[in-house]
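# A look at the structure
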Protein chains: 2
Amino acid sequence: MKREKNKELFRKFVSRQGLKSTRQRENILDVFVSTKQHMSVEELYEKLRAAHPGIGYATVCRTLKLFAQSGIAHEIHFGDGRTRYEPAAQGEHHDHLVCTGCGTIAEFENSTIEELQTAVADGHDFLIHSHKLELYGLCARCRK
Amino acid sequence: MKREKNKELFRKFVSRQGLKSTRQRENILDVFVSTKQHMSVEELYEKLRAAHPGIGYATVCRTLKLFAQSGIAHEIHFGDGRTRYEPAAQGEHHDHLVCTGCGTIAEFENSTIEELQTAVADGHDFLIHSHKLELYGLCARCRK
DNA sequence: TTTATAATGATAATCAATATCAATAAGGAG
DNA sequence: CTCCTTATTGATATTGATTATCATTATAAA
Ligand SMILES: [Mn+2]
Ligand SMILES: [Mn+2]
Ligand SMILES: [Zn+2]
Ligand SMILES: [Zn+2]
């Protein structure tokens, strides 16, 4: 299961980096892997406080950054000034449709687009490390 | 010429919206349309101060927002926390290759990608209003 | 001109993210 | 297990870009 896989990956990352395993990190890990996607730091912090009062905002920020470093999370910026995180699925990738009406996020994969991106980069003698593709607009419900 | 076109478009926007034509707006317009692309607010402010000491930072911010509203500028966020602006070419569109080594920005257009984006959106019953496609990586020089 | 209203610019406020730092916890050595 | 070094935590202060405030100034219509 993806959740357990990510938890295991993070524990290995902590060990490999000489970091320490702490109660807070485990708690944040638990909540994060079982969360709906694209949560802001604030949202995750509130969810965590409900289960683990006393947790610090700074610790949540720091730990989410570690999640991103370890590869189990992706940091996302939708342009509203809030950093969001989503659990990563190893070996998978997707981009986002963002409804500016209700804020709903849909996900999609399109291998042809990905290939064309690589072709474009090749033409510029450019080596892609990562990319961001976001489609902003209105979902069906918000258009009615 | 594109520069004069954009200046004219902005002046019409100002008139249409019942705004006032001011020395500051004209100065900012002059500098903006003749600028290299993807300048941060801070960079534009410094460039403006050189030619027009006394200009206020807040005025630069406000005016750049007006440029974006009027359609002669695009607001860009490359994820470094600084808002950038680039002159818009009416009826044209491009996306960006961002070198994480030296910060150089290359531009590209790919109509096939654009069509595929629309197809993806259609499949989700989603109406695209705008999109963001950025390819991050290393340019040829930074790879050597 | 006169006058109503918008714009300006100095400054304060905002807000998410990050840095600081004393107190606490982890975990290896003995 | 206990000691000890070092990392982590969380309260708080700070940062940095942007936005709001507001007294002063400028615009443009009457
Ligand atoms: Mn996603
Ligand atoms: Mn551009
Ligand atoms: Zn919607
Ligand atoms: Zn480069």
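Residues numbered from 1 in each chain as written. Chains lettered and ligands numbered in written order. Predicted model: local features only at pLDDT ≥ 70, side-chain atom pairs only at ≥ 80, totals over all residues. Heavy atoms only, no water.

## Points about the side chain of Arg84(B)
Residue and element names in this part refer to chain B.
- Relative to the helices and strands, Arg84 resides in strand β3 (residues 83-87).
- Arg84 sits in the buried class, given a relative accessible area of 15%.
- In terms of polar contacts, Arg84 uses its side chain to reach the side chain of Asp80, at 3.0 Å. (Helix = DSSP H or I, 4+ residues; strand = E, 2+ residues; numbered from the N terminus. Buried < 20%, exposed > 50% of the residue type's maximum accessible area, 1.4 Å probe, protein only. Polar contact = N/O pair within 3.5 Å; in protein donor to acceptor, adjacent residues only side chain to side chain.)

## Comments concerning helix α2 (residues 23-33) of chain A
- Here α2(A) has its buried residues at Asn27(A), Ile28(A), Leu29(A), Val31(A), Phe32(A) and Val33(A).
- Next to the buried residues of α2(A) lie α1 (2-16), α3 (41-51), α4 (57-70), β2 (73-77) and β3 (83-87) of chain A. (Contact = heavy atoms within 4.5 Å.)

## Digging into the coordination of the zinc ion (ligand 3)
All names here are of chain A.
- Every protein donor of the zinc ion (ligand 3) is listed here as Cys99 (SG), Cys102 (SG), Cys139 (SG) and Cys142 (SG), and their distances to the metal cover 2.1 to 2.4 Å.
- Considering all 4 donor atoms around the zinc ion (ligand 3), angles at the metal cover 103 to 114 degrees and the coordination shape is tetrahedral.
- One chain supplies every donor to the zinc ion (ligand 3), and in sequence these donors are spaced C-x2-C-x36-C-x2-C. Note that Cys102 is positioned in the loop between β4 (95-99) and β5 (105-108) and Cys142 in helix α6 (residues 140-143), a separation of 40 residues in sequence.
- Given a relative accessible area of 36%, Cys102 falls into the partly exposed group.
- Residue class for Cys142 comes out partly exposed when judged on its relative accessible area of 30%. (Donors = N, O, S within 2.8 Å, 3.2 Å for Na, K, Ca; no water. Tetrahedral: all angles 85-135°; square planar, octahedral: opposite > 155°, others 65-115°.)

## Structural notes on helix α4 (residues 57-70) of chain B
Residues and elements named next belong to chain B.
- The first and last C-alpha atoms of α4 sit 20 Å apart over 14 residues, in line with the 20 Å expected at 1.5 Å per residue.
- Of the residues making up α4, those classed as buried are Val60, Thr63, Leu64, Leu66, Phe67 and Ser70. Taken around the axis of α4, the buried residues stretch over an arc of 155 degrees, which confines them to a single face. In α4, the exposed positions that point more than 90 degrees away from the buried face belong to Arg62 and Gln69. (Expected span 1.5 Å × (residues − 1). Arc of directions from axis to C-beta.)

## Remarks on the coordination of the manganese ion (ligand 2)
- Around the manganese ion (ligand 2), the protein contributes the donor atoms His38(B) (NE2), Glu86(B) (OE), His94(B) (NE2), His96(B) (NE2) and Glu107(B) (OE), at 2.1 to 2.3 Å from the metal centre.
- Positions of the donor residues of the manganese ion (ligand 2), expressed as sequence spacing, correspond to H-x47-E-x7-H-x1-H-x10-E.

## Structural notes on the sheet that holds strand β6 (residues 127-138) of chain A
- One open sheet holds the 6 strands; their spatial order is β5(A)-β4(A)-β6(A)-β6(B)-β4(B)-β5(B), and the pairing between them is mixed. Strands at the two margins of the open sheet, each flanked by one partner only, are β5 of chain A together with β5 (105-108) of chain B. Pairs of neighbouring strands in the sheet enclose a mean axial angle of 25 degrees, with direction left out of account.
- Looking at chain direction, β6(A) and strand β6 (residues 127-138) of chain B are connected through 11 bridges and run antiparallel. Within β6(B), the residue paired with Lys132(A) across the bridge is Glu134(B).
- With respect to the sheet, helix α5 (residues 111-123) of chain A is in contact with β4 and β6 of chain A together with β4 (95-99), β5 and β6 of chain B, its orientation differing from that of β6(A) by roughly 130 degrees. (Pairing = 2+ DSSP bridges. Axes fitted to C-alpha atoms, helices over the stretch in contact; angles between N-to-C directions.)

## What about the protein's contact with DNA strand D?
- Taken together, 21 residues form the shell around DNA strand D, and within it Thr22(A), Arg25(A), Arg62(A), Lys20(B) and Thr83(B) come nearest.
- Protein-proximal atoms of DNA strand D, defined as those within 4 Å of the protein, fall in sugar or phosphate at a share of 74%.
- Between DNA strand D and Thr22(A), the relevant distance is 2.7 Å, taken from a phosphate oxygen to a side-chain nitrogen or oxygen of the residue.
- For the surface near DNA strand D, the element with the most residues is α4(B), which contributes 5 residues. (Near = heavy atom within 4 Å.)

## Quick look at the interface of chain A and chain B
- Across the contact, 31 residues belong to chain A and 31 residues belong to chain B.
- When chain A packs against chain B, close to 2,700 Å² is buried across both sides, 69% of that on carbon and sulfur atoms.
- Taken together, chain A and chain B are joined by 2 salt bridges.
- On inspection of chain A and its partner chain B, the count reaches 12 residue pairs in polar contact (both at pLDDT 80 or more).
- With 12 residues, β6(A) is the largest single contributor of residues to the side of chain A that touches chain B.
- A class-by-class count of the residues in the side of chain A that touches chain B yields 18 nonpolar, 8 polar and 5 charged. (Buried area = accessible area lost by both parts, 1.4 Å probe. Salt bridge = Lys/Arg side-chain N within 4 Å of Asp/Glu carboxyl O. Nonpolar A, V, L, I, M, F, W, Y, C, P; charged D, E, K, R; others polar.)

## A short note on the domain arrangement of chain A
Residue and element names in this part refer to chain A.
- Domain assignment breaks chain A into domain 1 (2-87) and domain 2 (95-143).
- Taking only C-alpha atoms, the centre of domain 1 and the centre of domain 2 are 24 Å apart.
- Counting the surface lost from both domain 1 and domain 2, the interface buries some 500 Å², and carbon and sulfur atoms represent 51% of this.
- It is His38, His77 and Phe78 in domain 1 that bury the most area against domain 2; as a group they hold 80% of the surface buried on that side.
- On inspection of domain 1 and its partner domain 2, the count reaches 0 salt bridges.
- The tally of links between domain 1 and domain 2 comes to 4 residue pairs in polar contact (both at pLDDT 80 or more).
- Here the residues of the side of domain 1 that touches domain 2 are counted per class, giving 2 nonpolar, 3 polar and 1 charged. (Domains from an automatic or database assignment.)

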